[in-house]
Amino acid sequence: MSSQRPAGPHTPAWVRDAVFYQIFPDRFARSAQTQPPGPLEAWDAAPTHHGFKGGDLRGITERLGELHELGITALYLCPIFSSASNHRYHTYDYFNVDPMLGGNEAFRELLDAAHARGMRIILDGVFNHASRGFWPFHHVLENGAQSPYVDWFYTDEAFLRGDRPLIAYPEAAEWHAKQSGGAGGGVASGLETGIGYKAWWQLPALPKINVGNAEAREHLLQAAEFWIRFGADGWRLDVPEEIDDESFWQEFRTRVRAINPEAYTVGEIWKRADAWLTGDRFDAVMNYPLTEAILGYAGSGRLARDLGDHNDTYKRPELDAAQFAEKLTEIMGWYHPATTAVQLNLLGSHDTPRLRSIVGGSAAAAQLATLLQLALPGAPCIYYGDELGSLGANDPANRGPFPADLTSIDAEAAAFRAFVRGAVAARHEHAVLRSGALRVVHAEGPVLVLERSADPVGFEGAPLALEPGAARRLLVATNTGDSPARVQVQLDGVSGVTRIDWEGVTGAATLLGDGALAIDLPPVSGAIFQLR
């Protein structure tokens, strides 16, 4: 799956070696150093849509040691800026961290502590829309069409004429509808008649920002620059397709890269995204097509089909090994290898049901999926708690609290974490798992065998600079079936084979002679073998 191509876009070198960890700050860890403004939802209670559990940035700082021990080298934080929602996708101040998270001072402490451990941090930027509390929008609510900020948003003609108010709250919208007899008051094309302004998914809480307005645009771009100067290592960009202006994202990239040429930009796009990845906008997108393929294969025969989400992800057909190999080959060929090498490869996020829930509650299938994720080109991203085999269906269940103390987790969760830690360590130890060429060796029934190799070149078409004695060829073997499997593969230039061991790994490989190799795998399992 490697190919010789012209030089591709410049993508950050550090991302190729990174293992990301996504954190939903309100639900990860609460620090005694950050005083809440009032009562909080009990930490161990089931999460709710509007409840705050009080997780904060100092809580993350205090647990960096655990993440470092897990092998995490980069954090992706869900939004941290001031907001009136627990998920903080409703921004009201782009230049200040939410006080409930500890404010800018707490973020400074987290950045410094993470960087001291060699860990990077990327932030979640929501620039398509803000919130009702965003101070320019509040200014418009208070002053109507006379507000100097009125053109920062998309409002209808009746409002601009002074014939109607903006209806920012549903209760008021109901009242207005009754008073006006249901007439919308001349709302412009594409706007709902009830509220008088354009909002994301027409949710009144999320007024859409007009990036065509020079002052609004500059406000957002200055915020992007501010946090890169502050020390953030990149941006994950929320719903970028909703901003129908290529030049905004082109300018965003130019200005961010002028401050930090190695800043990582990754867009939340759920499908193939060639136009976004030519080098003038994003380095990567969230690789949901690969997510679907891995889960369709790893969860074959056990996928929880009732757990679809708002993008209908995970409703795809289950895949056998041959179908997965075909899809994998397709996805790996979509972009230039320099781009594929930095795709954000995830198995779950705050927008999806949890990994283990999707694969029918099977810890073995979730571990198999994780092994594949960590053995493929791209930057793997673990959603907080998935390394424990946590369960959670749709929002808010998929945003539950992380255990307050890892020493108190049960044996199953501890074993799951040990497996993930071992797989992460294998990726860090073996450069070919990160950068080696990728080839399908065997794909039949439930059994898949992949080779990652440095001979003669790596995934991006150039020789790999390996340490003396480092593995040059690895096999990744998986069996999604409910029965043990034995397969025989034919390989050239092999004189020995050794399993890479860590806690929870099973399976065996035997060299039969003349390049023949027999691989034995228990049900729903995977292993990595070093070839010599």
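Residues numbered from 1 in each chain as written. Predicted model: local features only at pLDDT ≥ 70, side-chain atom pairs only at ≥ 80, totals over all residues. Heavy atoms only, no water.

1. So, the confidence of the model for the protein chain
Move 1: Here the protein chain averages 93 in pLDDT, and 93% of its residues register 70 or above.
Move 2: Every residue in residues 178-191 is under pLDDT 50, and counting partners more than four places away or in other chains gives 22 contacts. (pLDDT = per-residue confidence, 0-100. Contact = heavy atoms within 4.5 Å.)

2. Digging into the packing of aromatic side chains
Move 1: Within the structure shown, the criterion is met by 38 aromatic pairs.
Move 2: Between the aromatic rings of Phe-137 and Phe-153, the centroid separation amounts to 5.1 Å while the plane-to-plane angle is 75 degrees, which identifies the pairing as edge-to-face. Of this pair, Phe-137 sits in helix α4 (residues 135-143) while Phe-153 sits in the loop between α4 and α5 (157-160), and the two are 16 residues apart along the sequence. In terms of burial, Phe-137 and Phe-153 fall into one category: buried.
Move 3: Positioned over the ring face of Tyr-154 is Lys-198, at 4.8 Å from the centre of the ring.
Move 4: We note Arg-281 situated over the ring of Trp-276; from NZ or CZ to the ring centre the distance is 4.3 Å. (Phe/Tyr/Trp six-rings, centres within 6.5 Å; stacked < 30°, edge-to-face > 60°. Helix = DSSP H or I, 4+ residues; strand = E, 2+ residues; numbered from the N terminus. Buried < 20%, exposed > 50% of the residue type's maximum accessible area, 1.4 Å probe, protein only. Lys NZ or Arg CZ within 6 Å of the ring centre and 35° of its normal.)

3. Thoughts on the side chain of Arg-257
Move 1: Its place among the elements puts Arg-257 in helix α8 (residues 246-259).
Move 2: You can call Arg-257 buried: its relative accessible area is 14%.
Move 3: At 3.3 Å, the side chain of Arg-257 forms a polar contact with the backbone oxygen of Pro-261. (Polar contact = N/O pair within 3.5 Å; in protein donor to acceptor, adjacent residues only side chain to side chain.)

4. Let's talk about the pairing of strand β2 (residues 74-77)
Two faces make up the sheet, and in a regular strand the side chains alternate between them.
Move 1: Side-chain alternation along β2 places Ala-74 and Tyr-76 on one buried face and Leu-75 and Leu-77 on a second face that is also buried.
Move 2: Relative to β2, strand β1 (residues 20-23) is paired through four bridges, and the arrangement is parallel. Bridge pairing in β2 places Gln-22 opposite Tyr-76.
Move 3: Looking at chain direction, β2 and strand β5 (residues 120-125) are connected through four bridges and run parallel. (Pairing = 2+ DSSP bridges.)

5. Here we look at the sheet that holds β1
Move 1: One open sheet accounts for eight strands, arranged β8-β7-β6-β5-β2-β1-β10-β9; its pairing is parallel. Each edge of the open sheet is held by one strand with a lone partner, namely β8 (284-285) and β9 (344-346).
Move 2: Bridge count between β5 and strand β6 (residues 234-237): three bridges; the pairing is parallel. In the strand pairing of β6, Leu-123 is matched with Trp-235.
Move 3: Most of the contacts of helix α3 (residues 103-116) go to β5, to which it runs at about 140 degrees, and overall it touches β2 and β5. (Axes fitted to C-alpha atoms, helices over the stretch in contact; angles between N-to-C directions.)

6. Some remarks on unusual backbone geometry
Move 1: Along the chain, Asp-395 connects to Pro-396 via a cis peptide bond; the corresponding omega equals 10 degrees.
Move 2: A cis amide bond, omega -5 degrees, links Asp-455 with the succeeding residue Pro-456.
Move 3: Here Pro-456 shows up in strand β12 (residues 447-458).
Move 4: Residue Val-524 is not a glycine yet carries a positive backbone phi of 45 degrees.
Move 5: Within the secondary structure layout, Val-524 lies in the loop between β17 (516-521) and β18 (525-531).

7. Describing the packing of helix α7 (residues 214-230) against α8
Move 1: With their axes 9 Å apart at the nearest point, α7 and α8 run at an angle of 30 degrees to one another. Viewed along their axes, α7 and α8 adopt a mutual orientation that is roughly parallel. The interaxial crossing formed by α7 with α8 has right-handed handedness. Contact residues: Arg-217, Glu-218, Leu-220, Leu-221, Gln-222, Ala-224, Glu-225, Ile-228 and Arg-229 in α7; Ser-247, Phe-248, Glu-251, Phe-252, Arg-255, Val-256 and Ile-259 in α8. (Parallel < 35°, antiparallel > 145°, perpendicular 65-115°, else oblique. Left-handed = near helix turned anticlockwise from the far one by under 90°.)

8. Quick notes on the sheet that holds strand β11 (residues 436-444)
Move 1: The strand order across the open sheet formed by five strands is β11-β12-β13-β18-β15, and the pairing between neighbours is antiparallel. Every other strand in the sheet has two partners, leaving β11 and β15 (497-499) as the edge strands with one partner each. Strand-to-strand, the axes of this sheet are offset by a mean angle of 25 degrees, without reference to chain direction.
Move 2: Relative to β12, β11 runs antiparallel, the two sharing eight bridges. What sits directly across from Leu-438, in β12, is Arg-452.
Move 3: Its contacts with the sheet put helix α10 (residues 321-332) on β11 and β12, and the angle it makes with β11 is roughly 155 degrees.
Move 4: Across the sheet, helix α13 (residues 363-374) touches β12, β13 (473-479) and β18, and the angle it forms with β13 is around 155 degrees.

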